[in-house]
Amino acid sequence: MRKRGIFSGELKESVVRAFDLPPDLAYGSVLLSVTGQNELLIENYRGILEYKDEHIRVQAKDCRILVVGKRLRIEYYTNEEMKIQGLIEQIIYEN
């Protein structure tokens, strides 16, 4: 039998609503910030799955994110975020 943590299910949702917490912080959701067509900041990702000049595939908590474009490069990455630069043509969420 699996133990339930103190902040699971309905209780967690109630706490998030009561304190008006941002979903990316409360649930560890991936957060994408796009600046024009040349820069993408990804926060709360888990890992880099594929890294090529024309696409970058990233694992998030609940999905994979495929960034398609030209001359793509990872400008920097940390455990919490990464910045992708280049000509970004598509951002695709994969299940």
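In this text, all values refer to a predicted model and were calculated from it rather than measured experimentally.

Caption draft 1: Structural context of the pairing of strand β2 (residues 39-43). Here β2 shows a clear split, with Leu40 and Ile42 buried on one side and none of Glu39, Leu41 and Glu43 buried on the other. Direction of pairing for strand β1 (residues 31-35) relative to β2: antiparallel, over a ladder of 5 bridges. What sits directly across from valine 34, in β2, is leucine 40. Between the end of β1 and the start of β2, which pair antiparallel, lie 3 residues, with glycine 36 showing a positive phi angle near 60°. Note that β2 and strand β6 (residues 81-94) share 5 bridges and pair antiparallel. When the bridges of β6 are listed, leucine 40 appears paired with isoleucine 84.

Caption draft 2: Representation of the sheet that holds strand β5 (residues 64-77). Strand order in the open sheet formed by 6 strands is β1-β2-β6-β5-β4-β3, with antiparallel pairing between adjacent strands. The strands lining the two open edges of the sheet, one partner per strand, are β1 and β3 (45-51). Adjacent strand axes in the sheet meet at a mean angle of 45°, parallel and antiparallel pairs treated alike. Strand direction decides the pairing type here: β5 and β6, joined by 11 bridges, are antiparallel. Bridge pairing in β6 places arginine 73 opposite glutamine 85.

Caption draft 3: Quick look at the pattern of salt bridges. With the rule as written, the count across this model stands at 5 salt bridges. Across the pair glutamate 39 and lysine 83 runs a salt bridge, and its minimum N-O distance is 3.6 Å. Of this pair, glutamate 39 sits in strand β2 while lysine 83 sits in strand β6, and the two are 44 residues apart along the sequence. Here glutamate 39 falls in the partly exposed class, since its relative accessible area comes to 25%. For the salt bridge of glutamate 50 with arginine 57, the shortest nitrogen-to-oxygen distance reads 2.5 Å. Taking relative accessible area as the criterion, glutamate 50 reaches 24% and is therefore assigned partly exposed. What you see here is one network of salt bridges that share partners, running through Glu50, Arg57 and Glu94.

Caption draft 4: Representation of the side chain of histidine 55. Secondary-structure assignment places histidine 55 in strand β4 (residues 55-60). Histidine 55 sits in the buried class, given a relative accessible area of 17%. Those residues within four positions of histidine 55 in sequence are excluded, and the remaining contacts are Glu50, Leu66, Val67, Val68 and Leu72.

Rules behind the numbers
- Residues numbered from 1 in each chain as written.
- Predicted model: local features only at pLDDT ≥ 70, side-chain atom pairs only at ≥ 80, totals over all residues.
- Heavy atoms only, no water.
- Buried < 20%, exposed > 50% of the residue type's maximum accessible area, 1.4 Å probe, protein only.
- Helix = DSSP H or I, 4+ residues; strand = E, 2+ residues; numbered from the N terminus.
- Pairing = 2+ DSSP bridges.
- Axes fitted to C-alpha atoms, helices over the stretch in contact; angles between N-to-C directions.
- Salt bridge = Lys/Arg side-chain N within 4 Å of Asp/Glu carboxyl O.
- Contact = heavy atoms within 4.5 Å.

Treat this as a map of the structure, not an account of what it does.
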